[in-house]
Amino acid sequence: MSHDPGSPAAQRVARGEAPSTDSADWVARSTRAEVACVLRVTERRAADLLREARVLCADLPATLAALEAGNISYRHAAALVEDAEMFTPIHRQPFEDAVLAGRLDVTATRFAHRSRRIREHLDPGTISERAEQATRSRDVTVQPARDGMGWLMVYGPIMQVHLAHTLLTGTAKDEHDAGDPRTLGQLRFDALIDAVLRSDRPNGVADTADPAKALRTVRVDVTVTVPALTLLGQGDEPAVLDGYGPLPLDVAMTLAAGAGSWRRVLTHPVTGVRLVYDRTTYRVPAALRAWLADRDGTCRFPGCGTPATRCDADHNRAWEVGGCTDHDNLAHLCRKHHRLKHHTRWWARFEGDLLVWTSPTGHEYTTPAREDRAPPLTPLRA
């Protein structure tokens, strides 16, 4: 197995220092990263799969056998594993026996309900403690969707989530009964946006022509890339929002004009940005950093979608061993993967615009530069 002689891990080995992968924590992080690369899932999902596999193989042999025989699906097994984790390993088998004693030819949802009821029956004393602990992980996340849309997902105590949904539904029904032509789903969404973003739009009035102008200004830290010809009205290539993808030009321009912290990058064959600084400076100049952010788009570790604006500009070949501040030796890495590269035996090399990663096991994973710029294509429909 070969390693980059300029990588921090290789330099530590050359100095006779113990590799940082001896740390159980870094071994676990490196393992999660590689599982995520192999399965093409997020590292959080990889961690969940590894945890499920450990519990299933070590403590739930009957569940594993039922899964292998096709008597239950993966979703059935995952639900049982999640509840079994509430018990110590020695108490998991009695719980497993109780759950599997029921019918297996039911939907995963009904199976999960049974598993949860049995868990609470066998261990009712910890429900308050578990609820309090789960409450600490409450969050609101965004999942991009197609056509300029996205999902706003709320995770929290069921009472509060249910009451919030009930309130939105009640507001929607009132407006619908008053003659508003919007659907209940549309009215629920508009009521939520009005409450969160403090719109001045009166109830029952939907500005479908320009929904962005009713929103108050929100400071954000993102990049909108607008092709120069499109900006001049001589092209129809869409604008691009970092971390999302193509946007209608009018939406991009409205957002860029309404928030002072948006940065517009005009793409042009001649940029004038100096890309090579050799050893004259360690610190990446602002113009080169902006060019790199436009090139990379996100963290360049396989599968990571952290926007480049929230990443470090990393010298792929370390500065202290001769690495240069050049465009072909710099790549954006989020802090988590920056530390992974410097504390484990993961290393990377450039092959043109590709960044080729080699894991501690010797497997290679490739990440290209920004992928949301589609090559010129002929539209299927005029």
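Please refer to the structure higher up on the page.
These numbers come from a predicted model, not from an experiment.

## Here's the deal with the packing of aromatic side chains
Point 1. Applying the stated criterion across every chain yields a total of six aromatic pairs.
Point 2. Between the aromatic rings of Phe301 and Trp346, the centroid separation amounts to 5.1 Å while the plane-to-plane angle is 65°, which identifies the pairing as edge-to-face. Here Trp346 lies in the loop between helix H14 (335-343) and strand S9 (347-351) and Phe301 lies in the loop between helix H13 (286-296) and strand S7 (312-315), a separation of 45 residues in the sequence. Each of the two residues, Phe301 as well as Trp346, counts as buried.

## Quick notes on the side chain of Arg92
Point 1. Locating Arg92 in the fold gives a position in helix H6 (residues 92-100).
Point 2. Setting aside anything within four residues of it in sequence, one finds Arg92 in contact with Val55, Asp59, Leu60, Ala84, Glu85 and Phe87.

## Comments concerning the state of the cysteines
Point 1. As enumerated under the stated definition, the model contains zero disulfides in all.
Point 2. Residue Cys299 stays outside any disulfide, its sulfur separated by 3.8 Å from that of Cys304, the closest cysteine.
Point 3. Taking the relative accessible area as the measure of exposure, Cys299 reaches 2% and is therefore buried.

## Side note on the side chain of Arg295
Point 1. By the secondary structure assignment, Arg295 is in helix H13.
Point 2. There is a polar contact of 2.6 Å between the side chain of Arg295 and the backbone oxygen of Leu330.
Point 3. Each residue touching Arg295, except ones within four places of it in the same chain, is listed here: Arg300, His327, Leu330, Ala331, Phe350, Asp353, Ala369 and Arg370.

## Things to note about the packing of helix H3 (residues 43-59) against helix H4 (residues 61-69)
Point 1. Closest axis-to-axis distance for the H3/H4 pair is 6 Å, and the angle between their directions is 105°. By the angle between their directions, the pair H3 and H4 is classed as roughly perpendicular. For the pair formed by H3 and H4, the contact residues are Leu56, Cys57 and Asp59 on the first element and Pro61, Thr63, Leu64 and Leu67 on the second.
Point 2. Here the residues of the contact of H3 with H4 are counted per class, giving five nonpolar, one polar and one charged.

## Considerations on the nonpolar core
Point 1. Cys299, Phe301, Leu340, Trp346, Leu355 and Trp357 are the most contacted members of the largest nonpolar core, which totals 17 residues.
Point 2. Here this core takes three residues from helix H2 (residues 24-39), the largest share from any one element.
Point 3. With residues up to four places along the chain from it excluded, the contact list for Leu355 reads Arg300, Asn316, Ala331, Ala348, Arg349, Phe350, Tyr365, Thr366 and Thr367.
Point 4. In this structure, Val55, Leu80, Phe87 and Val99 belong to the second largest nonpolar core, which totals 13 residues.

## Describing the sheet that holds strand S11 (residues 364-367)
Point 1. The sheet built from three strands is open, its strands ordered S9-S10-S11 with antiparallel pairing. Two strands in the sheet have a free side with no partner beyond their single neighbour: S9 and S11. The mean angle between the axes of side-by-side strands here comes to 25°, regardless of whether they run parallel or antiparallel.
Point 2. Direction of pairing for strand S10 (residues 354-358) relative to S11: antiparallel, over a ladder of four bridges. The residue of S11 that forms the bridge with Trp357 is Tyr365.

## Concerning unusual backbone geometry
Point 1. Unlike most non-glycine residues, Arg40 shows phi in positive territory, near 60°.
Point 2. Mapping Arg40 onto the fold places it in the loop between H2 and H3.

## Structural notes on helix H9 (residues 158-177)
Point 1. Relative to the 28 Å expected for 20 residues at 1.5 Å per residue, H9 spans 28 Å between its end C-alpha atoms, a close match to the ideal helical length.
Point 2. Those residues of H9 that sit buried are Thr169, Ala172 and Glu175. Down the axis of H9, the sector holding all buried residues measures 125°, keeping them to one side. More than 90 degrees from the buried face of H9, the exposed residues found are Met159, Leu167, Asp174 and Asp177.
Point 3. Tucked into the core, H9 has its buried residues touching helix H10 (184-197).
Point 4. A positive phi of about 105° marks Gly179, the residue just after H9.

What counts, and where the lines are drawn
- Residues numbered from 1 in each chain as written.
- Predicted model: local features only at pLDDT ≥ 70, side-chain atom pairs only at ≥ 80, totals over all residues.
- Heavy atoms only, no water.
- Phe/Tyr/Trp six-rings, centres within 6.5 Å; stacked < 30°, edge-to-face > 60°.
- Helix = DSSP H or I, 4+ residues; strand = E, 2+ residues; numbered from the N terminus.
- Buried < 20%, exposed > 50% of the residue type's maximum accessible area, 1.4 Å probe, protein only.
- Contact = heavy atoms within 4.5 Å.
- Disulfide = S-S within 2.5 Å.
- Polar contact = N/O pair within 3.5 Å; in protein donor to acceptor, adjacent residues only side chain to side chain.
- Axes fitted to C-alpha atoms, helices over the stretch in contact; angles between N-to-C directions.
- Parallel < 35°, antiparallel > 145°, perpendicular 65-115°, else oblique.
- Nonpolar A, V, L, I, M, F, W, Y, C, P; charged D, E, K, R; others polar.
- Core = buried A, V, L, I, M, F, W, Y, C linked by side-chain atoms within 4.5 Å.
- Pairing = 2+ DSSP bridges.
- Expected span 1.5 Å × (residues − 1).
- Arc of directions from axis to C-beta.

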